[in-house]
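Descriptive structure summary
Each chain, letter by letter, is given below.
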Amino acid sequence: MVQGTTSDAGKSTVVAALCRLLHRQGVHVVPMKPQNMALNSAVTIDGGEIGRAQALQAIAAGLPAHTDMNPVLLKPSSDTGAQVIIHGKVRADMDARDYHQYKTVAMGAVLESYGRLQQQYDAIIVEGAGSPAEVNLRDRDIANMGFAEAVDCLVILVADIDRGGVFAHFIGTLACLSETEQQRIIGFVINRFRGDIRLLEPGLEWLEKKTGKPVLAVLPYLHGLQLDAEDAIQSSQGVAGKFRIIVPAIPRISNHTDFDALRAHPDVDLQFIGPDRTIPPADLIILPGSKNTRADLAFLQAQGWHMVLEKHLRYGGKVIGICGGYQMLGQVISDPHGVEGAAGDSDGLGLLDITTELTREKRLQQVSGVCAFGDAPVQAQVEGYEIHMGITYASNDTLPVFTINGEDEGARSPDDLIMGSYLHGLFDHPDACAALLTWAGLRSDTRVDLAALREQSLDRVADACAPLLAALQKL
């Protein structure tokens, strides 16, 4: 099991790297994260939903994503509440206190998945969540040491030296653990190191002498990786192009991995604009997915961003709405069952002639088809997935965006300035990405193959982690 001294210490990447290395060796390996809290998710081969990081780790292991890889997924809908997903399906919406009581049930689901994986695979690489040193969360813990103790697995502890204080992170984490939990940790991994390793060596010697545990590896800081983020928005892009795309960073933004292909495009300057910031002039504005569409719509309007959208369109700019962003573009969002809070209706932005009714049932589906716009002789291919609770009705005045299994999907305005779709990952296929950017006004011969970039990055992190696997296999 890979645990971390903090969130974003590099646990997900280390697990992916170990899965790729073992897969290269012919080991039938599978990733697992008992409990994940994230708004970036993926649709699995068995029709469920798991965290995006586990889908990436599955790719590293040469496997299709399956719900047993992430049996408990929490998708926050507010500061104190979340949608609880067990084995890929929505179980309930709970506040933090109710979920704490529910953890004994959730642990049963976790152990069921672990048992099935044990029967099918040679090795399981498990990822922890956050830090095991969160003493307020130790009771009924299913994400870190609670799981490790239950299944009796060894643990390596990862810390991010780029943040600073790496030795304090290790020592402080150990101090917060019980004696048996401390014994379970077989060594340390220092992540994101850059500089002269000789200057670090005295600290490594001190740490090993202080704890009696080895430093298994010092991993380098790798620039330019194209790997799906578990949750935090990855704002860095490297060299940005001249075609500006703006994504409003609404509070419950979901599946912002939709924009990874755009961030990798050398002709694109993609920017996330957060609260209390003015949206600058742009060629394309994209409204992202949301875990709480009505609340995020109210936030967008309170920021005055709706007026920016209207001005942007008056000057001929293009707008795309994805999933919740698609719903926001319409006339009304109706929530008769109180799916997102109090039952009622919210006026949409009124930019597309569509209406949406939120439903209790979540649609989870991997899809493929072709683009229904543009004047190319051959329609561009598109691949993606749907994760939404709602049905959208488009008027006869709108035009389709995609054709999926012979059916129209999404809606475009008659003037062809606005489009909305439920498809996540709509930019991932090189053909669809090129077609959508051409529709938005970019003239470029560059094609971005996100899958190929992801594979290259997985191989890079695997190569960097080869000394870690070698050290582990010697223990």
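Residues numbered from 1 in each chain as written. Predicted model: local features only at pLDDT ≥ 70, side-chain atom pairs only at ≥ 80, totals over all residues. Heavy atoms only, no water.

Another point: the overall build of the chain. What the chain contains, in helices and strands, is 13 helices and 28 strands. In terms of C-alpha radius of gyration, the chain reaches 23 Å, essentially the compact-globule figure of 23 Å for 475 residues. A principal-axis box enclosing the C-alpha atoms of the chain has dimensions of 70 × 50 × 45 Å. In the chain, buried positions account for 56% of the 475 residues. Considering only contacts within the chain whose residues lie at least 6 apart along the sequence, 72% involve residues at least 24 apart. Accessible surface, the chain as shown: approximately 19,900 Å² in total, 49% of it carbon and sulfur. Side chains of the chain give 40 positive and 58 negative charges; the mean places of these two sets differ by 5 Å. (Helix = DSSP H or I, 4+ residues; strand = E, 2+ residues; numbered from the N terminus. Rg over C-alpha atoms; globule rule 2.2 N^0.38 Å. Buried < 20%, exposed > 50% of the residue type's maximum accessible area, 1.4 Å probe, protein only. Contact = heavy atoms within 4.5 Å. Areas by Shrake-Rupley, 256 points an atom, 1.4 Å probe, with all protein chains shown as cover. Lys, Arg positive; Asp, Glu negative; His and termini not counted. Charge placed at Lys NZ, Arg CZ, Asp CG, Glu CD.)

So, on to the state of the cysteines. One pass over the structure, following the stated rule, counts zero disulfides. In this model cysteine 19 remains outside any disulfide bridge; the closest cysteine sulfur is found in cysteine 465, 11 Å from its own. Looking at cysteine 371, it has no disulfide partner, and the nearest cysteine sulfur is the one in cysteine 433, 10 Å off. (Disulfide = S-S within 2.5 Å.)

Two elements in contact, helix α1 (residues 11–24) and helix α13 (residues 450–474), have axes separated by 7 Å at closest approach and are oriented at 80 degrees. Taken together, the axis directions place α1 and α13 in an arrangement best described as roughly perpendicular. Contact with α1, carried on its side by Thr13, Val14, Ala16, Ala17, Leu18, Arg20, Leu21, Leu22 and Arg24, involves Glu455, Leu458, Asp459, Val461, Ala462, Asp463, Cys465, Ala466, Leu468, Leu469, Leu472 and Gln473 of α13 and no other residues of that element. Of the residues contributing to the contact of α1 with α13, the split by class is 14 nonpolar, two polar and five charged. (Axes fitted to C-alpha atoms, helices over the stretch in contact; angles between N-to-C directions. Parallel < 35°, antiparallel > 145°, perpendicular 65-115°, else oblique. Nonpolar A, V, L, I, M, F, W, Y, C, P; charged D, E, K, R; others polar.)

What follows covers the sheet that holds strand β22 (residues 363–371). The antiparallel open sheet is built from four strands, whose spatial order is β23-β22-β25-β26. For this open sheet the edge positions go to β23 (381–388) and β26 (407–409), each flanked by a neighbour on one side alone. Between one strand and the next, the sheet's axes are offset by a mean angle of 45 degrees, whatever the strand orientation. With eight bridges connecting them, β22 and β23 associate as antiparallel partners. Counterpart to glutamine 366 in the pairing with β23 is tyrosine 385. (Pairing = 2+ DSSP bridges.)

A few words now on the pairing of strand β15 (residues 268–273). Burial runs high along β15: five of the six residues are buried. Across six bridges, strand β13 (residues 243–248) lies against β15 in parallel orientation. Bridge assignment links arginine 244 to a residue of β15, and that residue is aspartate 269.

The end-to-end C-alpha separation of α1 is 20 Å, in line with the 20 Å expected for 14 residues at 1.5 Å each. Counting buried residues in α1 gives 11 out of 14 residues, a clear majority hidden from the surface. Glycine 26 sits one or two residues past α1 and shows a positive phi near 85 degrees. (Expected span 1.5 Å × (residues − 1).)

Helix length check: α13 (25 residues) gives 36 Å between terminal C-alpha atoms against 36 Å at 1.5 Å per residue, within 8%. If you look at α13, its biggest bend is around 45 degrees, right at cysteine 465, and the proline proline 467 turns up within four residues after that. By the burial criterion, the buried members of α13 are Leu450, Arg454, Ser457, Leu458, Val461, Ala462, Ala464, Cys465, Leu468, Leu469 and Ala471. The inward-facing, buried residues of α13 contact α1, α2 (52–60), β10 (155–160), β11 (185–193), β12 (215–220) and α8 (260–263). Taking the backbone nitrogen of alanine 451 as reference, a side-chain oxygen 3.3 Å away marks aspartate 449 as the first, capping residue of α13. (Bend = angle between axes of the 7 residues up to and from the residue. Polar contact = N/O pair within 3.5 Å; in protein donor to acceptor, adjacent residues only side chain to side chain.)

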